[in-house]
Amino acid sequence: MNRIKLMLSILLMLAASVGLAAEAIVRLPSEGGASLPYLLSQGEADKPPAAVAVLFNGGGGVVGLNKRIPQPAPTFWSAHVRCLSARALRAPWSMCRLTSTP
Amino acid sequence: MSDAYRMSARHLRDIAAVVADLKQRFPGMKVYLVGTSRGTVSAAYAGAALGPEIAGVVLSSTLFNSSKAGAGLSGFDFASIGAPLLLVHHVDDRCSVTPYGPALGLGQRYALISVSGGEPARSDECEAFSAHGFLGMEAPTVQAITAWMLGKSYARQIP
């Protein structure tokens, strides 16, 4: 059973401008056989990141990864591309939470 | 996710596991915790618990006041965060649990980015499409945060 209560979005901050985002859901083993999923998002996968930021949403903190995965819906991807790509660092994470809601 | 859960040992263990996984994926890379609004409860408590494991903590629109949902950071000792701390707040944040005043006070001891201006609110005052979410000021705000993370000079006042 996934423990979706915990929502961690990972954004790799790049010093350079960011292109299309590469994203993946990472699942870590957790207590009681549960898995701990988090969203790993990288601005430009072919360039080394300058730092890593673990992002914590406001509100309920839940973005419903379990509803969007295992087959990410186009809306999910487009939302995150809009939030996290390029010019991506220009959108606040709180806005990402809202815009990524189907 | 309640405030109590965000402060819990279970939540902190999960965060520590993610940080450890990231450090394995990106050896030598600095890892920052960034929380906004109620997410600042997670970032602050994890920042205090993880100590030198992280390079810094960023709290934007910090939940300084308690609410029906929990205590927020009303009783939190910010000095318990060993890593560098950056506060980011809109001076006109009208959300009752995230007032600007305490951020200004903490700005005497910690780095603070104060944001003003932007677009008229299009959402509740505690939601993102308002000063609480830096509406219309997202680009310079995030750029300043990123500069702070990368050790570059950053804007303390936006604009």
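In case you missed it, the structure is sitting above this.
Quick look at the structure, then. (Residues numbered from 1 in each chain as written. Chains lettered and ligands numbered in written order. Predicted model: local features only at pLDDT ≥ 70, side-chain atom pairs only at ≥ 80, totals over all residues. Heavy atoms only, no water.)

Scanning chain A for helices and strands turns up three helices and four strands. Across chain A, helices and strands are ordered from the amino to the carboxyl terminus as β-β-β-β-α-α-α. Among the 102 residues that make up chain A, the fraction classed as buried is 59%. A fraction of 69% describes how many contacts in chain A between residues 6 or more apart in sequence connect residues 24 or more apart. Total accessible area on chain A is roughly 4400 Å²; 60% of this is exposed by carbon and sulfur atoms. (Helix = DSSP H or I, 4+ residues; strand = E, 2+ residues; numbered from the N terminus. Buried < 20%, exposed > 50% of the residue type's maximum accessible area, 1.4 Å probe, protein only. Contact = heavy atoms within 4.5 Å. Areas by Shrake-Rupley, 256 points an atom, 1.4 Å probe, with all protein chains shown as cover.)

Helix and strand counts for chain B come out as five helices and five strands. Taken against the 2.2 N^0.38 rule, which gives 15 Å for 159 residues, the C-alpha radius of gyration of chain B at 15 Å falls within 12% of a compact globule. Counting across all 159 residues of chain B, residues that qualify as buried make up 56%. Contacts in chain B between residues far apart in sequence, at least 24 positions, make up 64% of those at least 6 positions apart. Carbon together with sulfur atoms contributes 53% to the accessible area of chain B, which is approximately 6400 Å² in total. Within chain B, one finds 13 positive and 12 negative side-chain charges whose respective centroids are separated by 7 Å. (Rg over C-alpha atoms; globule rule 2.2 N^0.38 Å. Lys, Arg positive; Asp, Glu negative; His and termini not counted. Charge placed at Lys NZ, Arg CZ, Asp CG, Glu CD.)

Turning next to helix α2 (residues 9-25) of chain B. Taking 1.5 Å of rise per residue, the 17 residues of α2(B) would be expected to cover 24 Å, and the 24 Å separating its terminal C-alpha atoms lies within 8% of that figure. Among the residues of α2(B), His11(B), Leu12(B), Asp14(B), Ile15(B), Val18(B), Val19(B), Asp21(B) and Leu22(B) are the ones counted as buried. (Expected span 1.5 Å × (residues − 1).)

Residue and element names in this part refer to chain B. Applying the stated criterion across every chain yields a total of four aromatic pairs over all chains. Arranged with centres 6.1 Å apart and planes meeting at 50 degrees, the rings of Phe64 and Phe78 form a pair that is tilted. You can see Phe64 sitting in the loop between β2 (56-60) and β3 (85-90) and its partner Phe78 sitting in the loop between β2 and β3, a full 14 residues away along the chain. You can call Phe64 buried: its relative accessible area is 7%. Residues Phe76 and Phe78 carry aromatic rings whose centres are separated by 5.1 Å and whose planes lie at 90 degrees to one another, so their mutual orientation is edge-to-face. This pair shows no difference in class: Phe76 is buried, exactly as Phe78 is. Taken together, the ring pairs in this structure connect Tyr45, Phe64, Phe76 and Phe78 into an aromatic cluster. Over the ring of Tyr154 we find Arg156; its NZ or CZ atom is 4.0 Å from the centre of that ring. (Phe/Tyr/Trp six-rings, centres within 6.5 Å; stacked < 30°, edge-to-face > 60°. Lys NZ or Arg CZ within 6 Å of the ring centre and 35° of its normal.)

Residue and element names in this part refer to chain B. With respect to the secondary-structure elements, Leu73 resides in the loop between β2 and β3. The exposure class assigned to Leu73 is buried, which follows from its relative accessible area of 2%. C-alpha separation for the pair Leu73 and Thr62, spaced 11 residues apart in sequence, amounts to 7.9 Å.

Here we come to the state of the cysteines. Put plainly, a disulfide is one covalent bond tying together the sulfur atoms of two cysteines. Residues and elements named next belong to chain B. Scanning the model with the defined rule gives one disulfide over all chains in all. Across the disulfide from Cys95 sits Cys126; the S-S distance is 2.0 Å. Between Cys95 and Cys126 the disulfide shows an S-S torsion of about 95 degrees. By sign, it is right-handed. Separated by 31 residues along the polypeptide, Cys95 in the loop between β3 and α4 (100-106) and Cys126 in the loop between β4 (111-115) and α5 (138-149) bring together distant segments of the chain. Using a relative accessible area of 29% as the deciding quantity, one classes Cys126 as partly exposed. (Disulfide = S-S within 2.5 Å.)

Right, let's talk about the pairing of β4(B) for a bit. One face of the sheet, then the other: side chains in a regular strand alternate in exactly this way. Residue and element names in this part refer to chain B. A large share of β4 lies buried, amounting to five of its five residues. In β4, alternate side chains face the same way, and those of Ala111, Ile113 and Val115 on one face and Leu112 and Ser114 on the other are all buried. Examined bridge by bridge, β3 and β4 share five bridges and lie parallel to one another. By the bridge assignment for β4, Leu87 is matched with Leu112. Following the backbone out of β3, through α4 and into the adjacent parallel β4, one traces a crossover that is right-handed. (Pairing = 2+ DSSP bridges. Right-handed = clockwise from strand over helix to strand, strands pointing away.)

Structural measurements only, silent on function.
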